[in-house]
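# Chains, contacts and geometry: an overview
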Amino acid sequence: MQATVTVTPAQLPDVLLHVAVARPVFLWGAPGIGKSSLVQAFAASLGLDCVTLLGTQLAPEDLIGVPQIVDGRSRFAPPETIARDEPYCLFLDELNASAPEVQKAFYSLILDRRIGAYELPEGSVVIGAGNRATDNALARPMASALVNRMVHVHLRASADDWLKWAADHGIHPWIAGYLTQRPDHLWSAPPKVEEPFSTPRGWHMLSDALHSYGQGIDDDMLGVLAHGTLTAAHASAFRAYVKTVRHAYDLDAVLKGDAGWPRDPENRDLLYFLAETFRARLIRGLPRSKEHAPPDRRQLAYRAKTLLVELAEISLECAQLVIATGDDGAPVLPSWFLVEVSRDLPRLAAARS
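Description of the structure in this document.

What counts as what
All chains use their own residue numbering, which begins from 1 and follows the written sequence. Selection of residues for local features in this predicted model requires a pLDDT of at least 70, selection of side-chain atom pairs for listing and counting requires 80 or more, and totals for whole chains, interfaces and linings are taken over all residues. Values reported for side chains reflect all heavy atoms of the structure, with hydrogen atoms and water molecules removed beforehand. To qualify as a helix, a DSSP run of H or I must reach at least 4 residues; to qualify as a strand, a run of E must reach at least 2; elements of each kind are numbered from the N terminus. The globule rule is 2.2 Å times the number of residues to the power 0.38, and the radius of gyration it is compared with is taken over C-alpha atoms. We call a residue buried when its accessible area falls under 20% of the maximum for its residue type, exposed when it is over 50%, and partly exposed in between, using a 1.4 Å probe and counting protein chains only. Axis definition: a line fitted to C-alpha atoms, over the contacting stretch in the case of helices. Angles run 0 to 180 degrees between N-to-C directions. The cut-offs work like this: below 35 degrees is roughly parallel, past 145 is roughly antiparallel, 65 to 115 is roughly perpendicular, and the gaps in between are oblique. Handedness of each helix crossing follows the sense of rotation of the near helix against the far helix: counterclockwise by less than a right angle gives left-handed, clockwise gives right-handed. Contact criterion: two residues are considered in contact whenever any of their non-hydrogen atoms come within 4.5 Å of each other. Residue polarity is assigned by list, with Asp, Glu, Lys and Arg as charged and Ala, Val, Leu, Ile, Met, Phe, Trp, Tyr, Cys and Pro as nonpolar; anything else, Gly included, falls into the polar class. What counts as a salt bridge is simple: a side-chain nitrogen of Lys or Arg found within 4 Å of a carboxyl oxygen of Asp or Glu.

Each helix and strand counted, the chain has 17 helices and 9 strands in total. Taking 20 Å as the expected radius of gyration for a compact globule of 353 residues, we find that the chain reaches 26 Å, considerably beyond that expectation. Counting only C-alpha atoms, the chain reaches 90 × 45 × 35 Å along its principal axes. Out of the 353 residues belonging to the chain, those deemed buried represent 45%.

The following block contains the structure:
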């Protein structure tokens, strides 16, 4: 299931507060963006225990229970994890990855809040979650009857939300600093092959590993950890970023003229990282229209052309990377700036064409 309307982690608690208390909610989202932890935090905010059932590990009898004889009649006794006296949050994780017969067993629990003779206590909430088939994750088609029993909410990763969370949860400063500069690297689409990819969960795992090693971790081991938790391109860029921290290189210092582009061949990965960061800064900082640009943005454009000249002298490839088109072939920098680059930097313009 796909949706063009999504919510961020910061928006989700308010949605759940108003919707999940009235109707069951199903939370869609890519792997590793924090669905489970957000639901658990929401339950805690209401003072409710969160009981998690993993759809991939359930059989129908795990929900319906086993039959027992009471007063000469048989009835099903649901498991004690579900049959509680006090209200709680029932979290059905990986619901759409469960077998069809398990999904059917959820029908009455989700719609009627009942299993056999047992009814969820007043004040309980039911929340399901799962990945999308397009995420290359385990997911089965959800029957229309089950789809129609829940309100569907689509969650997206948000670098701003995650960095605010990271500030209070001991995330390693290298990671916080890197994602502040490259928020677009917080998450990447799951690949079609079996290899790591970047997610908030992956960055958190990398943070834990870095804390465990301490400041003395060498560059080779840093590479092992980064490539074991992130997309290859992001891992290489993060490794270069750490080198900037350790060698006191900083893009802001380059922009101010307090430092220059690294020229040593052994720091070529560092040069690529700074060029990519420079490109991202220009995408965010250059106005779409030069005529209405404030003075500081015009100064950025003027300084950028000077830095492009200096960068092209060291590596024409890196300079070309800064002004390259996007993945769809369309320019990502303002057209007026690209025109001025073509006029003032003919060598770079020739390489671009």
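How two helices pack is summed up by the angle between their axes together with the distance between the axes. Running from N to C, helix α13 (residues 268-285) and helix α15 (residues 316-323) point in directions that differ by 25 degrees, and their axes come no closer than 8 Å. If you check the angle between α13 and α15, you find them roughly parallel. Note that α13 runs across α15; the crossing there is right-handed. Residue-level contacts link L271, Y272, A275, E276, F278, R279 and L282 of α13 to E317, C318, L321, V322 and I323 of α15. Split by residue class, the contact of α13 with α15 holds 9 nonpolar, no polar and 3 charged.

All right, on to the pattern of salt bridges then. Counted according to the given criterion, the structure contains 10 salt bridges. Among the ionic pairs, D220 bridges to R239, the shortest N-O distance being 3.5 Å. You can see D220 sitting in helix α10 (residues 219-229) and its partner R239 sitting in helix α11 (residues 232-246), a full 19 residues away along the chain. Since its relative accessible area comes to 55%, D220 is described here as exposed. By relative accessible area, R239 is classed as partly exposed at 24%. Among the salt bridges present, the one from R281 reaches D252, with a minimum N-O distance of 2.9 Å. Pair noted here: R281 is in helix α13 and D252 is in helix α12 (residues 251-256), with a separation of 29 residues, a long-range link. A residue is classified by how much of its surface remains accessible, and D252, at 34% relative accessible area, is partly exposed. Several salt bridges converge on common partners, so that one network encompasses R182, D184 and E276.

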